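As a plain string of letters, each chain reads:
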Amino acid sequence: MIGRVAFLLALVVLAGSANAENPAEHPADCRTAEVQPERNFALPQTARAIKAKKLNVMVVGAGSSLLPGPNGNKSAYPARLQEALQAKLTGVEVKVGTNVTARRSAAEMVKAMVPELAINKPALVIWQTGTVDAMQGIEPDQFSQALDKGIHVARSAGADVVFINPQYSPRTESMIALGTYAENMRWVAMQQEVPLFDRFSIMKVWADLGTFDLNSATKKLDMAERVHDCIGRLLADLVIESAKSSAPPAGAGR
Amino acid sequence: MIAPIPTERDLRLDLFRGIALWLIFLDHIPSNAVSWITIRNYGFSDATEIFVFISGYTAAFVYGRAMLSNGFIVATARVLKRTWQIYVAHVFLFAIYLAEISYVSQSFDNPLYSEEMGVLDFIKNPDVTIMQALLLKFKPVNMDVLPLYIVLLFWFSPILWLLLRAPSLALIASAGLYAMAWMFEWNIPAYPQGTWAFNPFAWQMLFVFGAWCALGGAKRLGHWITSSVVIGLAILYLLFAFAIAMTWYLPWLGPYVPKVIGEAIYPIDKTNLDVLRILHFLSLAVITVWLVPRDWPLLRSRLCWPAITCGQHSLEIFCLGVFLSFAGHFVFTEVSNRVLTHVMVSAAGIAIMVGAAALISWYRRVERQGPGPRPPTTKTGYAGGSA
């Protein structure tokens, strides 16, 4: 009996250390080959910062960039992103700062962005938005204008922009009409040549494949933490891929 | 000069309205795998256009006759009675929605979704929200079509009056209002903020156009819409819309869309009934009229009966469809979210809609016959139905 427990423990420890050895590798469950970015737009400032061995990133977001609890800051995706970027960019000093407050619309975030950009001078702004605008039923046109303005503000401060679209949330799907907002976001991203991290589709694939049970009524944090961990890693992939791609952007599609 | 109104109901309207009701039901279940078959995935317009156009057509058909035979006041009273019925139906659906929301807010508290759960906060202030819902300013997701219908029908009798006397003038006025709504960004405010998801100032045009067609406009257009040039153009436009729609689902096609075209067509505005959507609907209508003649034998066959029955009781079946889409989503989240479940829930929903419509038809027939044996006052069968 004791032998069996010890054996199991050993297995667990082994599995754990195997994971710890390859922190940059995705655990199998994060993989989402089904979701390919439509277009890789270049991130010139980010590429320059990586070359200069000092990458300063700022995550601007609302409630879905946060996790509650005492470890919330450490397990939410911005911190996971910092870790993943650091692991992949050896020799580069990576810093991911956040300007995150729940229930902010895109327009409110643009206002918050201005002083933040002046102080921190990031090379890359990762902008998570859309959900709150959809919940508040903000005029879709105004939402698009706020996105345009935010991109302009960030770019004039010398930063690239990456968008993160809303989460896939099966329980509230019939209550929050994300459609128009997600489409407008995709359209602005395409026009302004901003890479879009398609969080919605990725999470939908996870739900469909059973990777995560996003319907679960649990109050526990473990699933939420693993989701954020995956988001942080995939986001790091997107940032590094886009920074690498120096191809000049061609004509726009959708 | 007052145009004569055809006396026999065009079964094609019932057929396509019934189909539109099914499509609206399928589209309203979020992430429903079966909604891949609905037309919104293959072009610019969707079932809403069909529903609004046919509703305008049948409203003119039913109340136009009433206005000619019983006068303006009586017809107005009947229109307003119908408006009231739709309003009551909307409030009933809102009550069901409240029940669903309350359940979710009590049972679901996943920390991953603390932001999204904020959408349920409105039940903490029922005093404001319920009042705003009764004023049609607070409209939950997927409950925008009935308020649009309520507003359109509420103002319908003066429009009908004009349509009966000067149809072209009424149509021009309607198009003018549409253009003004675009120019001056007119819309009705919503609660807590924003505006109506279906702008009545824009969508009225399709409703009035439907009414205009019912009052002889279709006949006037007859030669025109059956000409090979128009049919050819309609086919070309549908193919173009189809090609664009494919780039939404197959992103690798995106780069083939020339930048000029992309900038010209996007964003395609559903709130204000984008011209691209109207053209898409009109193209579909032209092709449909061409393929399905009025005396198409299949219209009286068993194959078309389920959709026709649903189309003849559109208000009841529409409301049932909204309720069933809530229920369907509930099954997806609580029971199973597999594709097989999606197919079964979709099929069961449509079967329930057909069953309910058949029941209503049967009950109307029984009611008409009244107590004791008496010859029916109206033609039985397909002639029934409501606006």
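Just above, that's the structure.
Residues numbered from 1 in each chain as written. Chains lettered and ligands numbered in written order. Predicted model: local features only at pLDDT ≥ 70, side-chain atom pairs only at ≥ 80, totals over all residues.

Peer 1: Help me get a handle on the overall build of chain B, residues and values and all.
Peer 2: Looking only at helices and strands, chain B features 15 helices and 0 strands. For 387 residues, the compact-globule formula gives about 21 Å, and the C-alpha radius of gyration of chain B, at 22 Å, lands near that figure. Referenced to the eigenvectors of the C-alpha coordinate spread, the extents of chain B come out at roughly 65 × 60 × 45 Å. In chain B, which comprises 387 residues, the proportion classed as buried is 41%. (Helix = DSSP H or I, 4+ residues; strand = E, 2+ residues; numbered from the N terminus. Rg over C-alpha atoms; globule rule 2.2 N^0.38 Å. Buried ≥ 20, exposed ≤ 12 C-beta atoms within 10 Å, placed from the backbone.)

Peer 1: Describe the sheet that holds strand E2 (residues 93-100) of chain A, and please don't skip the residues or the numbers.
Peer 2: Reading across from one edge, E2-E1-E3-E4-E5 (chain A) is the order of the 5 strands in this open sheet, with parallel pairing throughout. At either margin of the open sheet sits one strand with a lone partner, and together these are E2 and strand E5 (196-197) of chain A. (Pairing = 2+ DSSP bridges.)

Peer 1: Got a sec to walk through the interface of chain B and chain A? Specific residues and values, please.
Peer 2: With 40 residues of chain B at the interface, the matching set in chain A holds 41 residues. Counting residues per element, the ones that place at least two in the side of chain B that touches chain A are helix H3 (72-107), helix H4 (114-117), helix H10 (228-249), helix H11 (259-265) and helix H14 (314-334) of chain B. Tallied by class, the residues present in the side of chain B that touches chain A amount to 22 nonpolar, 14 polar and 4 charged. (Contact = placed C-beta atoms within 7 Å. Nonpolar A, V, L, I, M, F, W, Y, C, P; charged D, E, K, R; others polar.)

Peer 1: Give a description of the pairing of strand E1 (residues 54-61) of chain A that names residues and reports values.
Peer 2: Residues and elements named next belong to chain A. Within E1, 6 of the 8 residues are buried, which leaves the element mostly enclosed by the surrounding structure. Looking at chain direction, E1 and E2 are connected through 8 bridges and run parallel. Bridge assignment links Asn56 to a residue of E2, and that residue is Lys95. Where E1 lies against strand E3 (residues 124-128), 4 bridges are found, and the strand directions are parallel. Within E3, the residue paired with Val60 across the bridge is Trp127.

Peer 1: Describe the environment of A:Gly63, and please don't skip the residues or the numbers.
Peer 2: Looking at the secondary structure, you find A:Gly63 in the loop between E1 and helix H3 (72-75). Residue classification places A:Gly63 among the buried positions, given that 23 C-beta atoms sit within 10 Å. Taking C-alpha positions, A:Gly63 is 26 Å from A:Leu43, a pair spaced 20 residues apart along the chain. Beyond its immediate chain neighbours, meaning those up to four positions away, A:Gly63 contacts A:Ala102, A:Arg103, B:Ser114 and B:Glu115.

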